[in-house]
Amino acid sequence: MGEVDPAFIQDLEHRPKLAIIEAEGIPLIDLSVDAVSDGSTLVSDIGDACKKWGFFQVINHGVPLEKREKLEKAAREFFGQPLEERVKIRRAEVRVSGYSNTEHTKNVRDWKEVFDFTRKNPIIVPASARPDDKQVVEWYNQWPEYPPQLREVCEEYAEEVEKLCFKLIQLIALSLGLPADTFNGFFKDQISNVRLNHYPPCPAPELALGLGRHKDGGALTVLAQDDVGGLEVKRKSDGEWIRVKPTPEAFIINVGDIIQVWSNERYESVEHRVIANSEKERFSIPFFFNPAHYTIVKPLEELTSEENPPRYRPYNWGKFFVTRKGGNFKKLDVENIQISHFRVPESELANRFEKAVSVA
Ligand SMILES: O=C(O)CCC(=O)C(=O)O
Ligand SMILES: [Fe+2]
């Protein structure tokens, strides 16, 4: 990645501004607080953060620091090898796992390289994105020879972060006024995946992005970022890009598209991106908490009513996932699959609302 290939160059409107807005920042939430004790504001703090930002940071989250540090070290060792070693486990179309340095977001190449693996091994996913194809296939992880401990430290880390995901999804359920275990069943055969991101120094951070603007398609993301910084979140109140200042040992949590749909838009999945850096390399590790492939995603009945009709048509999560993954390999000129494709048009919602009010 020595020079800036035109494939990396963002359209003018998406290039980063030089001035960084760090502002008040996203909320920092202490998870050691007991959610159900008298006077605890933990559940409402999470609800407020989900509503206002779609993002928050957590401390005292229960993931042992030592497991995170071991993985961060192993990631540096893996990406520190010569390219010919890294590409030995290059990701192919039929695999979700492995190495890639050709990730594209919204059809523009990202200034980064990644190593992907899934929490469960194998995971079961639809064989193709075609709606009429009922076949499923197994996707297996692949591991490099070096560093030899990578597999073990990845698996141990993912096991710990999964526990945090369950804790968070329960707090989110409570914050929506639902029983804590409302969402648990969806994750029985989860197809969660973890990504090791390496953003090398970039000679043209004013033209390219480490990772282009996007929303996460799953339920919840738990991100570990190093101390370099570069993650920006689009502030809901005014659409400004706000830099997320690294907090040592904290995780950054964001609501994904599935929670937006389940909550019928009480919470929204928010756009974010990563700025490239001309001097420093950066590492980050997102854990994407994803339900089982057969999950039909739709607004929860408990959160809809005649006055507040479902804003989304049901969709199959496995097909959505496989379509997204497939889209990465073809530099298509069309937009990849989005939940907006399943959104009920406003005019139709207004009609339904009027009908509900007139019969009431
Ligand atoms: O590297 C980061 O800080 C963000 C990564 C991210 O948003 C993603 O991989 O979806
Ligand atoms: Fe993301």
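Basis of the calculations
Every chain's residues receive numbers from 1 upward, in the order its sequence appears when written. The naming scheme follows written order: chains are lettered A onward, ligands numbered 1 onward. Whole-chain, interface and lining totals are the exception, using all residues; otherwise, since this is a predicted model, local features are given only for residues with pLDDT of at least 70 and side-chain atom pairs are given and counted only at 80 or more. Excluding hydrogens and water, the side-chain figures rest on all heavy atoms present in the structure. Secondary structure is summarised from DSSP: a helix means a run of H or I of at least four residues, a strand means a run of E of at least two, and numbering begins at the N terminus for each. Within these notes, the globule rule equals 2.2 Å times the number of residues to the 0.38 power, and the radius of gyration is based on C-alpha atoms. Under the scheme applied here, a residue whose accessible area is under 20% of the maximum for its type counts as buried, over 50% as exposed, and between as partly exposed, the area being computed with a 1.4 Å probe on protein chains only. In this description, contact between two residues means that some pair of their heavy atoms is separated by no more than 4.5 Å. Here the open area of atoms and residues is found with the Shrake-Rupley method and a 1.4 Å probe, where only the protein chains shown may cover a residue. Residues scored as charged are limited to Lys and Arg (positive) and Asp and Glu (negative), so that His and the chain ends carry no count. In plain terms, the charge of a residue is placed at NZ if it is Lys, CZ if Arg, CG if Asp and CD if Glu. Here the coordinating atoms are restricted to nitrogen, oxygen and sulfur within 2.8 Å of the metal centre, or 3.2 Å for Na, K and Ca, and because water is not among them the sites may look incomplete. As a per-residue quantity, pLDDT reports the predictor's confidence and falls between 0 and 100. Here is the rule: rings of Phe, Tyr and Trp (six-membered ring for Trp) pair when centre to centre is within 6.5 Å. Planes less than 30 degrees apart are stacked, more than 60 are edge-to-face, and the remainder are tilted. Distance and angle both matter: a charge sits over a ring if NZ of Lys or CZ of Arg is within 6 Å of the ring centre and within 35 degrees of the ring normal. Only a single heavy atom is needed: when it lies within 4 Å of a molecule or strand, its residue is near that molecule or strand. Residues adjacent in sequence count toward polar contacts only when both atoms are side-chain atoms; beyond that, a polar contact is any pair of N or O atoms within 3.5 Å, and within protein one must be able to donate a hydrogen and the other to accept it. A helix's residues, less one, multiplied by 1.5 Å, set its expected span. At least two bridges found by DSSP between two strands is the condition for calling them paired. Note on geometry: axes are C-alpha line fits, over the in-contact stretch for helices, and angles between N-to-C directions span 0 to 180 degrees.

Draft legend 1. The overall build of the protein chain, seen in detail. If you tally the helices and strands in the protein chain, you get seven helices and 18 strands. What you see for the protein chain is a C-alpha radius of gyration of 20 Å, in line with the 21 Å of a compact globule of 360 residues. C-alpha extents for the protein chain along the principal axes are approximately 70 × 50 × 40 Å. The buried share of the protein chain, taken over its 360 residues, is 52%. Of the contacts formed within the protein chain by residues at least 6 apart in sequence, a portion of 78% connects residues at least 24 apart. Carbon and sulfur atoms make up 51% of the accessible area of the protein chain, which amounts to about 16,700 Å² in all. Placing the 48 positive and 57 negative side-chain charges of the protein chain at their respective mean positions leaves the two points 3 Å apart.

Draft legend 2. View of the coordination of the iron ion (ligand 2). Summarising the metal site, the iron ion (ligand 2) is bound by the protein donors H214 (NE2), D216 (OD) and H272 (NE2), whose distances to it range over 2.1 to 2.2 Å. Mapped onto the sequence, the donors of the iron ion (ligand 2) take the spacing H-x1-D-x55-H. Of this pair, H214 sits in strand β10 (residues 209-214) while H272 sits in strand β15 (residues 272-275), and the two are 58 residues apart along the sequence. Assigned by exposure class, H214 and H272 land together as buried.

Draft legend 3. Region of the structure containing the confidence of the model for the protein chain. Model confidence for the protein chain is summarised by a mean pLDDT of 93, while 94% of its residues fall at 70 or above. Scored by ipTM, the complex comes to 0.99, with pTM at 0.95.

Draft legend 4. Layout of unusual backbone geometry. The omega torsion across N121 and P122 is 0°, close enough to zero to call that bond cis. You can see P122 is positioned in the loop between β6 (113-118) and β7 (123-126). Here Y146 and P147 are connected by a cis peptide whose omega angle stands at -5°. Of note, P147 is situated in the loop between β8 (136-139) and α4 (150-175).

Draft legend 5. Spotlight on the packing of aromatic side chains. Tallying each qualifying case throughout the model produces 20 aromatic pairs. Arranged with centres 4.6 Å apart and planes meeting at 25°, the rings of F186 and W262 form a pair that is stacked. Highlighted residues: F186 in the loop between α4 and β9 (193-199) and W262 in helix α5 (residues 257-262), separated in sequence by 76 residues. Residue classification places W262 among the buried positions, given a relative accessible area of 1%. Aromatic pair F187 and F289: ring centres 3.9 Å apart, planes at 5°, arrangement stacked. Here F187, found in the loop between α4 and β9, pairs with F289, found in strand β16 (residues 282-289); they are 102 residues apart in sequence, far enough to count as distant. Exposure class is identical for F187 and F289. Each is buried. Members of the aromatic cluster, each reached through a chain of ring pairs, are F78, F79, Y99, F115, F117, W143 and F283. The ring centre of F251 lies 5.0 Å from the NZ or CZ of R68, which sits over that ring.

Draft legend 6. Highlighting the site of ligand 1. In the region of ligand 1, 13 residues are neighbours, and Y199, H214, H272, R282 and S284 sit closest. Take H272: an N or O atom from its side chain is 3.0 Å from an oxygen atom of ligand 1. At 2.6 Å from an oxygen atom of ligand 1 is found a side-chain nitrogen or oxygen belonging to S284. Calculation on ligand 1 without its partners gives an accessible area of 290 Å², and the protein chains cover 95% of this total. Of all the elements in the fold, those that place two or more residues in the shell around ligand 1 are β9, β10, β15 and β16.

Draft legend 7. Quick look at α4. Here α4 is 26 residues long and its end C-alpha atoms lie 37 Å apart, about the 38 Å a rise of 1.5 Å per residue gives. Positive backbone phi, approximately 80°, marks G177, located one or two places after α4.

Draft legend 8. Molecular detail of the environment of I191. Among the secondary structure elements, I191 is positioned in the loop between α4 and β9. In this structure I191 comes out as buried when scored by relative accessible area, which is 1%. Separated by 84 residues in the primary sequence, I191 and I275 have C-alpha atoms spaced 28 Å apart. Leave out the neighbours within four places in its chain, and I191 touches I123, I124, V125, N290, P291, H293, W317 and F321.

Draft legend 9. Local environment of the sheet that holds strand β3 (residues 98-100). Pairing in this open sheet of eight strands is mixed, and the strands run β1-β2-β14-β11-β16-β9-β6-β3 from one edge to the other. If you trace the sheet from one side to the other, it starts and ends with β1 (28-30) and β3, each paired once. Pairwise comparison of adjacent strand axes, ignoring direction, gives a mean angle of 25° for this sheet.

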